[in-house]
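Structural features, examined
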Amino acid sequence: MSVVVLVGAQWGDEGKGSVADVYASGVDLVVHYAGGANPGQTVVAEGERMVFHVIPSGTLRHGTPCLLAQGMAIDPTLLLEELEALSSHGAQNAELKICRRAHVVLPHHLMVDALRGEGEGASGAPRRGIGPAYGDKVARRGVQLGDLLVPERFTRKLHASLEASEPVIRALGGEPPEAAPIVDRYLACGEKLRPMMVEGSRYVAEARAAGKHVLLEGPFGAMVDVDQGVYPYVVGTSTMAGGACTGVGIAPRDIDQVVGVAKAYSTRPGQGPFPSEVTGALATRLQKAGGEIDPISGRPRRCGMFDVPALRLASRVSGFDVVALTKLDVLTGIDELPLCVAYELDGEELSEPPYEGQSRIKPRLEMMAGWTEDLRDCRSWDDLPDNARRYVERIEELSGLRVGLIGVGPDRSESIVRETPFS
Ligand code: GDP
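Residues numbered from 1 in each chain as written. Predicted model: local features only at pLDDT ≥ 70, side-chain atom pairs only at ≥ 80, totals over all residues. Heavy atoms only, no water.

**Concerning the overall build of the protein chain**
Convention followed: Labels follow the DSSP assignment, with helices taken as runs of H or I lasting at least four residues and strands as runs of E lasting at least two, numbered in each case from the N terminus. Every radius of gyration here is taken over C-alpha atoms, with the globule rule written as 2.2 Å times N^0.38, N being the number of residues. When a residue's accessible area, from a 1.4 Å probe over protein chains only, is under 20% of the maximum for its type it is buried; when over 50% it is exposed; and in between it is partly exposed. Here, two residues are considered to be in contact whenever any of their heavy atoms come within 4.5 Å of each other. Here the accessible surface of atoms and residues is derived via Shrake-Rupley with a 1.4 Å probe, and residues count as covered only by protein chains that are part of the display. Charged residues are defined here as Lys and Arg on the positive side and Asp and Glu on the negative side; His and the ends of the chain fall outside this count. To locate a charge, the coordinates of NZ of Lys, CZ of Arg, CG of Asp or CD of Glu are taken.
From N to C terminus, the protein chain includes 11 helices and 20 strands. Its C-alpha atoms give the protein chain a radius of gyration of 21 Å, within 12% of the compact-globule value 22 Å for 423 residues. In terms of its C-alpha atoms, the protein chain occupies a principal-axis envelope of roughly 65 × 50 × 40 Å. Here the protein chain holds 423 residues, and the buried ones make up 58% of them. Restricting to contacts in the protein chain with at least 6 residues of sequence separation, those with at least 24 account for 76%. A total of about 17300 Å² of accessible surface is found on the protein chain, and carbon and sulfur atoms cover 48% of it. Computed over 44 positive and 57 negative side-chain charges, the inter-centroid distance for the protein chain is 4 Å.

Laid out in structure tokens, this is it:
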């Protein structure tokens, strides 16, 4: 039995879904502990691309049970749509449970997100109503999934939440939705989801007690954590490993390992400081080779070089035991690879991102020799070209962390597994 947390070590989009999928063969239960509909976790299996927004990608493994835990904000209409799509891919036997304490994303949450667009403080989070739903949660007027099973309670809570959103929607130029159709639609969703609803923390405790291997997967990355990130360029929830404790309802001592997932370069959705950002030909190259297109805006993502100070911070607050380094193949063909090894702020060298002065940081660079070989057929450490190995080793030296998995292509077979947390 082991409980492993999978955390994004950067700003999100690190390939967590793909890493979870590589580990899936050894996992008995996948749990998503925070966030909600993500921009889309793409998993390529046997050459077929599938995009999931709510359902953990581990569901692709037939029969791998999944739990959407209490820390999530879930749009039940989207979840039901995905379940239908999944059943058409023959994955209808996968056991999916939802914690009844998870919060519900309602139509006016989606509306507020859509009307706000990419305003001040935008984190780059997909505008799927999660932020407004978390806003209601902390204001203590949120609706939990379990409320959808009690019509009178749901109706009362919906009105309170809707009422609070009305002046906001009007101020943004929108027209608030009617309550009655929402009541009917969401109560119907509740009935469909009833058989899946559980007390999530108990479900995970029972899985542990039965000796199962449990993978707890977080949303986004450590650098946009609501507490640790550069506020307000953050998401509405805890993306650090500690978020797994509250988002699932599991004691810190019951977590056996933490895996940090980092891309071999950086990307940052939305606004906010990005010290290792690159522009020009290198940015275009990373955007093209890495498929770094924002699925919501359709615009290329901001790209940067690998940021060691960010990895150090992410590891310090989440306690990485090992790092999964994805998308190393994307760097093929770049003559000289800049590596951001430290920050410089007002003449001082910093080993980690500071609280103040993020926008004045200058990255301190080390130039690494690149390689020209295609990595997609590499399946072992020794298959990698010398310079690719040196690049990974330098990241290990500078961060003091071991890279246990290397992604060399989007398919789950395209990876080098040096060690797995489930052995
Ligand atoms: P997440 O949001 O962190 O879960 O990221 P995803 O799992 O959605 O991965 C982002 C994208 O990167 C997907 O299109 C993946 O197929 C792709 N991807 C993941 N790992 C690799 C890799 O090692 N190489 C390449 N070329 N693509 C990868």
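**Description of the packing of aromatic side chains**
Quick note on the threshold: To pair, rings of Phe, Tyr and Trp, with the six-membered ring standing in for Trp, must have centres within 6.5 Å; the planes then decide the type, stacked if under 30 degrees apart, edge-to-face if over 60, and tilted in the middle.
Applying the stated criterion to the full structure yields 4 aromatic pairs. Where Trp 11 meets Phe 274, the ring centres are 5.1 Å apart and the plane angle is 65 degrees; that geometry is what we call edge-to-face. Of this pair, Trp 11 sits in the loop between strand E1 (2-8) and helix H1 (16-23) while Phe 274 is found in the loop between strand E12 (266-268) and helix H9 (280-289), placing the two residues 263 residues apart along the sequence. Here the two residues Trp 11 and Phe 274 agree in accessibility, since each one is buried. With a centroid separation of 6.3 Å and an interplanar angle of 70 degrees, the aromatic rings of Tyr 23 and Phe 422 are classed as edge-to-face. With Tyr 23 in helix H1 and Phe 422 in the segment after strand E20 (415-417), this residue pair connects regions lying 399 residues apart in the sequence.

**With respect to the pattern of salt bridges**
Put simply, the rule reads: A side-chain nitrogen of Lys or Arg and a carboxyl oxygen of Asp or Glu constitute a salt bridge if their distance falls within 4 Å.
Per the stated rule, a full pass over the model turns up 26 salt bridges. Put simply, Asp 13, Lys 263, Glu 292, Arg 301 and Lys 327 are held in one network by salt bridges that share partners.

**A closer look at the sheet that holds strand E2 (residues 29-32)**
Test applied: A pair of strands is considered paired only if DSSP assigns at least 2 bridges between the two.
Ordered by their spatial adjacency, 10 strands build an open sheet running E9-E7-E5-E2-E10-E1-E11-E15-E19-E20, and the pairing between neighbours is mixed. A strand with exactly one partner marks an edge of an open sheet, and here the two such strands are strand E9 (197-198) and E20. Pairing analysis gives 5 bridges linking E1 to strand E10 (residues 213-217), with the strands arranged parallel. Looking at E10, one finds that Val 3 is bridged to Val 214.

**Structural notes on a negative patch on the surface**
We count it as follows: Nonpolar side chains (Val, Leu, Ile, Met, Phe, Trp, Tyr) are joined into patches within 5 Å and like charges within 9 Å, using only residues with over 30% relative accessible area and no salt bridge.
Judged by side-chain charge, Asp 374, Asp 377, Asp 382 and Asp 383 come together as a negatively charged surface patch. Within the element layout of this structure, Asp 382 appears in the loop between strand E18 (362-369) and helix H11 (386-399).

**Quick notes on unusual backbone geometry**
In most cases, non-glycine residues show a negative phi, while peptide bonds are predominantly trans. Cis geometry is found at the peptide bond from Tyr 231 to Pro 232, where omega equals 5 degrees. With respect to the secondary-structure elements, Pro 232 resides in the loop between E10 and helix H8 (242-249). The backbone phi angle of Arg 140 is positive, close to 60 degrees, even though this residue is not glycine. With a phi close to 50 degrees, Phe 220 is a non-glycine residue in the positive phi region. Inspection of the secondary structure puts Phe 220 in the loop between E10 and H8.

**A short note on the nonpolar core**
We apply this condition: Note on terminology: a nonpolar core comprises buried Ala, Val, Leu, Ile, Met, Phe, Trp, Tyr and Cys residues joined through side-chain atoms within 4.5 Å.
Counting residues in hydrophobic clusters, the biggest one holds 81 residues, and the most contacted among them are Leu 216, Leu 328, Leu 331, Leu 384 and Tyr 391. In terms of residue count, strand E16 (residues 336-345) provides more of this core than any other element does, 7 residues in total. Ignoring anything within four residues of it in the chain, the contact list for Leu 328 reads Ala 264, Trp 371, Leu 375, Leu 384, Ala 388, Tyr 391, Val 392, Ile 406 and Gly 407. In this structure, Val 19, Ala 20, Val 30 and Leu 162 belong to the second largest nonpolar core, which totals 47 residues.

**A look at the packing of helix H2 (residues 76-87) against helix H6 (residues 179-193)**
Worth spelling out the cut-off: Axis lines are fitted through C-alpha atoms, for helices just across the contact stretch, and the angle between N-to-C directions can take any value from 0 to 180 degrees. Angles are sorted into four bins: roughly parallel if under 35 degrees, roughly antiparallel if over 145, roughly perpendicular if 65 to 115, and oblique for all others. Here a crossing is called left-handed whenever its near helix is offset anticlockwise from the far helix by less than a right angle, and right-handed whenever the offset is clockwise. Polarity classes work like this: nonpolar for Ala, Val, Leu, Ile, Met, Phe, Trp, Tyr, Cys and Pro, charged for Asp, Glu, Lys and Arg, and polar for all others, with Gly in that last group.
Remark: H2 packs on H6, axes separated minimally by 10 Å, with the N-to-C direction vectors making an angle of 45 degrees. Relative to H6, H2 is oriented oblique. Judged by the sense of rotation from one axis to the other, the crossing of H2 with H6 is left-handed. Across from Pro 76, Thr 77, Leu 79, Leu 80 and Leu 83 in H2, the residues of H6 making contact are Arg 185, Tyr 186, Cys 189, Lys 192 and Leu 193. Partitioning the contact of H2 with H6 into residue classes produces 7 nonpolar, 1 polar and 2 charged.

**Some points on a nonpolar patch on the surface**
A surface patch of nonpolar side chains, about 190 Å² in accessible area, is lined by Leu 115, Val 168 and Leu 172. For Leu 172, a relative accessible area of 33% gives the class partly exposed.

**Examining the side chain of His 53**
Mapping His 53 onto the fold places it in the loop between strand E4 (48-52) and strand E5 (66-68). Of the residues examined, His 53 reaches a relative accessible area of 17% and is grouped as buried.

**Overview of helix H10 (residues 308-318)**
Under the convention used in this document: In protein, a polar contact requires one atom able to donate a hydrogen and another able to accept it; more generally it is a pair of N or O atoms within 3.5 Å, and residues adjacent in sequence count only if both atoms are side-chain atoms.
Among the 11 residues in H10, 9 count as buried, and that is most of the element. Taken residue by residue, H10 has Val 308, Pro 309, Ala 310, Leu 311, Arg 312, Leu 313, Ala 314, Ser 315 and Ser 318 as its buried positions. Elements in contact with the buried residues of H10: E1, strand E11 (257-263), strand E14 (306-307), strand E15 (322-326), E16 and H11. The opening residue of H10, the one whose side-chain oxygen lies 2.9 Å from the backbone nitrogen of Ala 310, is Asp 307.

**What to know about the environment of Tyr 23**
Owing to a relative accessible area of 4%, Tyr 23 belongs among the buried residues under this scheme. The spacing of Tyr 23 and Arg 390 is 367 residues in sequence and 25 Å in space, taken between C-alpha atoms.

**Some remarks on the pairing of strand E7 (residues 96-99)**
Looking down a regular strand, the side chains alternate between one sheet face and the other. Residues Leu 96 and Ile 98 line one face of E7 and the alternating positions Lys 97 and Cys 99 line the opposite face, and both faces are buried. The pairing of E7 with E9 spans 2 bridges and is parallel. Bridging across to E9, Ile 98 finds its partner in Met 197.

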